Structures are given as C-alpha cells and as structure tokens.
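The chain contents come next:
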Amino acid sequence: MSLNKEVMNRQEIEKKLEKIDITLPPPEAEPDRQYYFIKKLRVWVEEKKKELGRPLTANITTFGCQMNARDSEKILGIMQMIGYEESDSDEADFILYNTCTVRENANLKVYGRLGQLKKAKSKNPNMVIALCGCMMQEESVVDKIKKSYRNVDIIFGTHNIFKLAELLSIKLLDRPESKKMIIDIWEGTTEIVEDLPNERKYTFKGGVNIMFGCNNFCSYCIVPYVRGRERSREPEDIIAEIECMVQDGVIEVMLLGQNVNSYGKNLKNPITFAQLLERIEQIDGLERIRFMTSHPKDLSDELIAVMGKSKKICKQMHLPLQSGSSRLLKIMNRHYTKEDYLLLVEKIRKAVPDIALTTDIIVGFPGETEEDFEETLDVVSKVQYDSAFTFIYSKRTGTPAAQMENQVPEDVVKDRFDRLLKLVQDISTEKTKKGIGSVEEVLVEEMNQQDDSLVTGRTSQNYVVHFPGDASLIGKIVPVRLEESKGFYYMGKMEA
Ligand code: SAH
Ligand code: SF4
Ligand code: F3S
C-alpha cells in the first residue's frame, strides 16, 4: 500500500522536512520537490517576519464547487506549512483566488475583485497576488489577465496546485524585483500528487476526493475542458485518508467527484463506487458518509442496494436532472431520458423511502421550447425535490452548445426561470413542513451566526436545523425535535 501524503500528520510532515536536503529533487520526485521549496520558503518567511515585525498573512478566496473548496484546503495547508497565517484581510501578504468558470457570472466576480485589489496592493507592497482554478485553464482568460490585470504575480491551473511552493519560491526567492507574471498552466495530467500538507476547515467533517476530472462532456459544460480526464484515486489511499481523518476526530465524510458513480473504472484493479462505499462503511468511528455528484446515467442497482442497507450513508442524494425533456437531454449528451430518470427515482425511494433528493436544472438551453420546459416542470412536480439549484443557461466558449444557433431569448428564459423557481420553492416549503414534529439526528456544526444562544447543524437528509445549545455540542450528533419550518431550514429543540 502506498501510504500517501494526505495521511501524514503535522509531526510526520516536520520529520519529512528535516530529512529534505539541500539538493533540489527532480520534477518526477514529488512531493519531495515541493517539500524542498517549502523548507527554503520557511527560512525566507522567518526573516521577513523579523524585518516587518509582524506575521505574514494569506487570504484565500474560493469560488465554485466542493472540488475547489477541497483544493483551497490543500493550498492553505501549504501556505501554513511555509509560515503564513490565515487572514480575511484584503491587504494580506498573499492573496489567492481559486476560481470557477462553470457560468459566465463566476468569471465576472473574479474580474470585479481583481479590479478592487489594485488599491490594496498599493497599500501593501509585500502583497503577492495569485490566481488558480478552473478559469485559469482557459487561454482567453489568461490573455485578458496578462493585458488588463498586470498586478497579478502568479497564475496556475487545476492540474498543478501541488506546485504552489515552487511557484511562490520563484516569485519571492529567485526574482523578487521582477514584475513578470509567473504562469504555469498544464493542459492535463495523469498524475495525482498527494502527500502534501492540507488544512481542513472543520475538525469533525471533511471532503475527500475520490476522483478528479470528468469524461462526460455534457454539451453545455466546461468542466471536462478545465478539469481534464477522469482519474480515480486508489481505494487504499482513500481508506487510509479517511482512517487518518477519523483518528483526528472526523465523524462525517463527503466523497467528492464530478461523477462518483463512475468511480474506479480506470484503476488497474477496477472497483465500483458501491464497493468503495462498502469498504468505507467498515471504518470504525466514522458515522456519516455523503457523496456528490451522482450522474443518473451511471447510478447502478448495486449502489441503490448498498444505500438501502447502509447504516452510515446519509439519506440524501444530489441527482442532477438538467432538463425533463428527453429531446433536450439527448442534445445535452446526458445519456438518459425523462422516463429513465423517473424510474431511477422510484427505485431509490423504494430502497431508501425517506431519502431527500436534490437536483440541478438548467433553463434556456439552446432550442428549449415551451413544451421542453413543461417537461422539466412535470419532472419537478413528480419527483418533489427537497431542494433544487436552478441555473440560467450560460454559453461557455469551447463547448458544443456554444455553437448551437437557436439560443433562447433572454425574456423567455427569465420568465421560465421564475416559474421554475416558484414551483421548486413551493414544493420545498411543503416538504419541509412535513418534517415538523419528527426527531432527527443532527450533527452540530457551528454556533448560529446571528444568535449565540443557538447552534446550527444538519440532519442526515442535509436539512439545516437551528436550536438552543452551546459550543460544547459542536462536532457531536444529537437528537433534535424539529419544531418549526422556515422555508428551507428548521428551528428545533434538543431531546433530553
Ligand atoms: N458534475 C456535476 C456538476 C458540475 S457543474 C454534475 O454533473 O452534476 C454544476 C451544475 O452547473 C451542473 O449540474 C449544471 O446544472 C450547471 N451548469 C453546468 N454548465 C452550465 C452552463 N453552461 N450554464 C448553466 N448551468 C450550467
Ligand atoms: Fe459537467 Fe456533465 Fe461532467 Fe457534470 S457530468 S461536470 S455537468 S460534463
Ligand atoms: Fe466551477 Fe470548476 Fe467546480 S468550473 S463548478 S470550480 S469544477
């Protein structure tokens, strides 16, 4: 078994750093090469701190999905190992935006922020600005930044996050005076570099990558182009990472992948996602398992059976629909029909009757007719989702859908979007009301942000519940009676 980098604790990392010597390991010797740079940067940070008479700070902002959130934990882990302290100041010494490009407005947000940074950088001349993530995998974006945002220092992509220490050392140690942007974007990779430090946001729950990339090429979606081909991690590495997390106090894991249902297909010894879940279920001390995202086309009967008998898999599934029209689903390259989807939902509900189902829906895909849209409304009414993320179609350059001519006029899309949103909200409000009176196991996550006499947690179905309690409950699973529904969340009371 290759004990990987994600399972080393701080002491082990310190030991590793001690052993790293003064010769630079070659690029194929990862992660040792990165530890070499971390070690060099640590010396620089200590000197800089003395010079400035204060700590050095890093502010990392994450856009997009859970993959990016997990990547940001790895980035923060590296920065802390180098000696930076986490900060939310706009004038921090290291500012990083981990970007998303799934829809146009994700990109616009980043440009807006970059504009604001110009002033902040003039106040803190030590500031290093770095950009990474999905947006950076697009050539047109990098060109625009090179032209219009000259204050950016480092740009890297989704495939080489592990190289952060190396890129930072070029900037800080090799050419501190140079204004030249350091740009390192890879088109793709088959490599998975693990054993680097990473800083988890919570001590009691955490995300675990089980695979990277996506092979599905849904015709509207840019993710396969910016995240590369599907690569699964070895099951032993995943299990070892979760065991290590559990030893550190984690009781809930979220398994992450763009399409977890096709996990394991490209491994030397292929295993299915259902088999992986069965192995994770065996881990002592782990209490809850979640996963996302499930593509309907690859959701097997085997997985449904495993969910039906599992004691740890939460009663929640995110099952993106995208559209209820079989005609559009075909053009979207989704590989299922409206009928297939409804049948799947029926099978899942039969195996796990009280499962909460959530979904993603796109409105205004090119050529969407009123009839197509009504099919979507029909599926929403039939499935009765607990909640749904609704998106207005956004044209992404490079995807097949961007070439399609029959784009739907904006006012028609807006009207459909509003109708869909209303239906989705009416259904979730009704569904939430039905939960009132029941007692649910709630994992307490934090103090309530508005009222410090309350704590906030999540049920197995992933509903948010606020109830009276104190900080000693954080990280524990407790029984809570749901007393009042407020749209998408509950107010409750802990059972004695
Ligand atoms: N891998 C996941 C989702 C990744 S992106 C899956 O397949 O479900 C998250 C959601 O963004 C998608 O489910 C889709 O609904 C939405 N999305 C992706 N591309 C989009 C686009 N071009 N316009 C609007 N929404 C989009
Ligand atoms: Fe995009 Fe489809 Fe892959 Fe999801 S499955 S990331 S929607 S291409
Ligand atoms: Fe966005 Fe990249 Fe995730 S495009 S949705 S951050 S995979």
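Residues numbered from 1 in each chain as written. Chains lettered and ligands numbered in written order. Predicted model: local features only at pLDDT ≥ 70, side-chain atom pairs only at ≥ 80, totals over all residues. Heavy atoms only, no water.

Draft legend 1. Highlighting the overall build of the protein chain. On a plain count of helices and strands, the protein chain comes out with 14 helices and 19 strands. Against the compact-globule benchmark of 23 Å for 496 residues, the protein chain has a radius of gyration of 24 Å, which places it among compact chains. Along the longest, intermediate and shortest principal axes, the C-alpha atoms of the protein chain span 65 × 60 × 50 Å. Taken across its 496 residues, the protein chain has 55% of its residues classed as buried. Taken as a whole, the protein chain presents about 22600 Å² of accessible surface, with 51% of it coming from carbon and sulfur. Placing the 70 positive and 78 negative side-chain charges of the protein chain at their respective mean positions leaves the two points 2 Å apart. (Helix = DSSP H or I, 4+ residues; strand = E, 2+ residues; numbered from the N terminus. Rg over C-alpha atoms; globule rule 2.2 N^0.38 Å. Buried < 20%, exposed > 50% of the residue type's maximum accessible area, 1.4 Å probe, protein only. Areas by Shrake-Rupley, 256 points an atom, 1.4 Å probe, with all protein chains shown as cover. Lys, Arg positive; Asp, Glu negative; His and termini not counted. Charge placed at Lys NZ, Arg CZ, Asp CG, Glu CD.)

Draft legend 2. Spatial organisation of the site of ligand 3. Taken together, the neighbourhood of ligand 3 is formed by Gly64, Cys65, Asn68, Cys100, Thr101, Val102, Cys134, Arg227 and Gln258. Residues of the shell around ligand 3, tallied by class, amount to 4 nonpolar, 4 polar and 1 charged. (Near = heavy atom within 4 Å. Nonpolar A, V, L, I, M, F, W, Y, C, P; charged D, E, K, R; others polar.)

Draft legend 3. Structural detail: the packing of aromatic side chains. Applying the stated criterion across every chain yields a total of 12 aromatic pairs. With 5.2 Å between their ring centres and 85° between their planes, Tyr36 and Phe37 make a pair best called edge-to-face. The same class applies to Tyr36 and to Phe37, which are both buried. With 6.4 Å between their ring centres and 85° between their planes, Tyr220 and Phe365 make a pair best called edge-to-face. (Phe/Tyr/Trp six-rings, centres within 6.5 Å; stacked < 30°, edge-to-face > 60°.)

Draft legend 4. Representation of the pattern of salt bridges. Per the counting criterion, the structure on display carries 38 salt bridges. Of the charged contacts, one joins Asp372 and Arg327 as a salt bridge, the two residues approaching to 2.6 Å between their closest N and O atoms. A residue pair is termed long-range when its members are at least 10 positions apart, and Asp372 in helix α13 (residues 370–383) and Arg327 in helix α11 (residues 326–331) qualify at 45 residues. For Asp372, a relative accessible area of 5% translates into the label buried. Residue class for Arg327 comes out partly exposed when judged on its relative accessible area of 43%. The shortest N-O distance in the salt bridge between Glu368 and Arg416 comes to 2.9 Å. Taken as a pair, Glu368 in the loop between β13 (356–363) and α13 and Arg416 in helix α14 (residues 410–434) lie far apart in primary sequence, 48 residues in all. For Glu368, a relative accessible area of 5% gives the class buried. The class of Arg416 is buried, set by a relative accessible area of 6%. The structure contains a network of salt bridges with shared partners spanning Arg70, Glu73, Arg200, Arg233 and Glu241. (Salt bridge = Lys/Arg side-chain N within 4 Å of Asp/Glu carboxyl O.)

Draft legend 5. Seen up close, the nonpolar core. In terms of nonpolar packing, the biggest core is built from 68 residues, with Ile242, Leu255, Phe273 and Ile280 touching the most fellow members. Excluding residues within four positions of it along the chain, Ile242 makes contact with Val208, Val253, Leu255, Ile280, Ile283 and Leu286. Core analysis: the second largest hydrophobic core is formed by 34 residues, Tyr84, Ala130, Cys132 and Ala165 among them. (Core = buried A, V, L, I, M, F, W, Y, C linked by side-chain atoms within 4.5 Å. Contact = heavy atoms within 4.5 Å.)

Draft legend 6. How the structure looks around the sheet that holds strand β19 (residues 489–494). The strand order around the closed barrel built from 5 strands is β15-β16-β17-β19-β18, with neighbouring strands paired in mixed fashion. Ignoring strand direction, the axes of neighbouring strands in this sheet form an average angle of 50°. Note: strand β17 (residues 464–468) against β19, 3 bridges, orientation parallel. Bridging from a neighbouring strand, Val465 pairs with Tyr490 of β19. (Pairing = 2+ DSSP bridges. Axes fitted to C-alpha atoms, helices over the stretch in contact; angles between N-to-C directions.)

Draft legend 7. Spotlight on the packing of α13 against α14. Direction vectors running N to C along α13 and α14 enclose 10°, while the axes themselves pass 10 Å from each other. Between α13 and α14, the angle is such that the two are roughly parallel. Only Arg416, Arg419, Leu420, Leu423, Val424 and Ile427 of α14 make contact with α13, whose side of the interface consists of Glu370, Phe373, Glu374, Thr376, Leu377, Val380 and Ser381. Taken together, the residues of the contact of α13 with α14 break down into 7 nonpolar, 2 polar and 4 charged. (Parallel < 35°, antiparallel > 145°, perpendicular 65-115°, else oblique.)

Draft legend 8. Broad picture of the site of ligand 1. Not every one of the 15 residues close to ligand 1 is listed here, only the nearest: Gln258, Pro320, Gln322, Asp360 and Ser394. Within the side chain of Gln258, one N or O atom sits 2.7 Å away from a nitrogen atom of ligand 1. Its free accessible area being 540 Å², ligand 1 has 90% of it covered by the protein chains. Class assignment of the residues belonging to the shell around ligand 1 gives a composition of 7 nonpolar, 4 polar and 4 charged. (Polar contact = N/O pair within 3.5 Å; in protein donor to acceptor, adjacent residues only side chain to side chain.)

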